[in-house]
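An overview of the molecular structure
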Amino acid sequence: MKKVIVISTSLRPGSNSDMLADKFVEGAKAAGHDVEKISLVGKNLQFCKGCLACQKLGRCVINDDVNDIMAQVLKADVVVWATPIYYYEMSGQMKTLIDRMNAMYPLDYQFRDVYLLTTAAEDEEHVPQRAVAGLTGWIDCYPKSRLAGTLFCGGVNAARDIEGNAKLQAAYDLGNSIA
Ligand SMILES: Cc1cc2nc3c(=O)[nH]c(=O)nc-3n(C[C@H](O)[C@H](O)[C@H](O)COP(=O)(O)O)c2cc1C
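Quick caveat: nothing in here was measured; it's all calculated off a predicted structure.

Cut-off values and rules
- Residues numbered from 1 in each chain as written.
- Predicted model: local features only at pLDDT ≥ 70, side-chain atom pairs only at ≥ 80, totals over all residues.
- Near = placed C-beta within 6 Å.
- Helix = DSSP H or I, 4+ residues; strand = E, 2+ residues; numbered from the N terminus.
- Nonpolar A, V, L, I, M, F, W, Y, C, P; charged D, E, K, R; others polar.
- Pairing = 2+ DSSP bridges.
- Right-handed = clockwise from strand over helix to strand, strands pointing away.
- Buried ≥ 20, exposed ≤ 12 C-beta atoms within 10 Å, placed from the backbone.
- Contact = placed C-beta atoms within 7 Å.

Comments concerning the site of the ligand
Taken together, the neighbourhood of the ligand is formed by 19 residues, with Ser10, Ser17, Pro84, Ala120 and Glu122 sitting nearest. Of all the elements, helix α1 (residues 16-30) adds the most residues to the shell around the ligand, at three residues. For the shell around the ligand, a count of residues per class yields ten nonpolar, six polar and three charged.

Printed below as a string of structure tokens:
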């Protein structure tokens, strides 16, 4: 049994990427894993100030919700990110959280497999590529980890557009494939 943390970064009600995340969670739970989902909705998430105090303290000096999220990420075996594509990139809130988790950089970590789930209005293959590349920049800083899988659902723009989409089953299957 693996400890899986799913971080859903869209802030809108009826979020398509959040529904992909829910299906991934369902699949991973059905495979017997210990799964926790964190949504950034309602979270206090401030920008990184770049002070680098975290490199000595092992935590961020900003007292918002990030230190708790970071503690959960450090304990997880599998980290799953879900994000809407904004301007051919990950959402700003996902990037902000990644930057704010800089305290983790010198610490030991448990996670090995990282997944990325994305949604966008357009449905071309290139649409999520910069988000994948951006997340790879984070993964490269944790050399014991790797990008284990990505799932892109294009052609969904309005809230809940993803309902009935075959990519929901694909997200379930991806979660269920965690061994
Ligand atoms: C600020 C912003 C930028 C966006 N940029 C893109 C884009 O570059 N390409 C695209 O196909 N869709 C783009 N979209 C559409 C979203 O990716 C799409 O609505 C997606 O389904 C949102 O996912 P969510 O429901 O999980 O928030 C953008 C939406 C917003 C609000």
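Considerations on the pairing of strand β5 (residues 146-153)
Regular strands have side chains that alternate between both faces of the sheet. Relative to β5, strand β4 (residues 113-119) is paired through seven bridges, and the arrangement is parallel. Residue leucine 117 lies in a different strand from β5, and its bridge partner there is leucine 151. In this view, the connection linking β4 to its parallel neighbour β5 by way of helix α5 (residues 129-139) has right-handed handedness.

Things to note about the environment of glutamine 110
Among the structural elements, glutamine 110 can be located in the loop between α4 (92-100) and β4. Through-space distance from the C-alpha of glutamine 110 to that of isoleucine 178 is 16 Å; in sequence the pair is 68 residues apart.

A few points about α4
Of the residues making up α4, those classed as buried are Met94, Lys95, Leu97, Ile98 and Arg100. Its buried side turned inward, α4 meets α3 (66-75), β3 (78-84) and α5.

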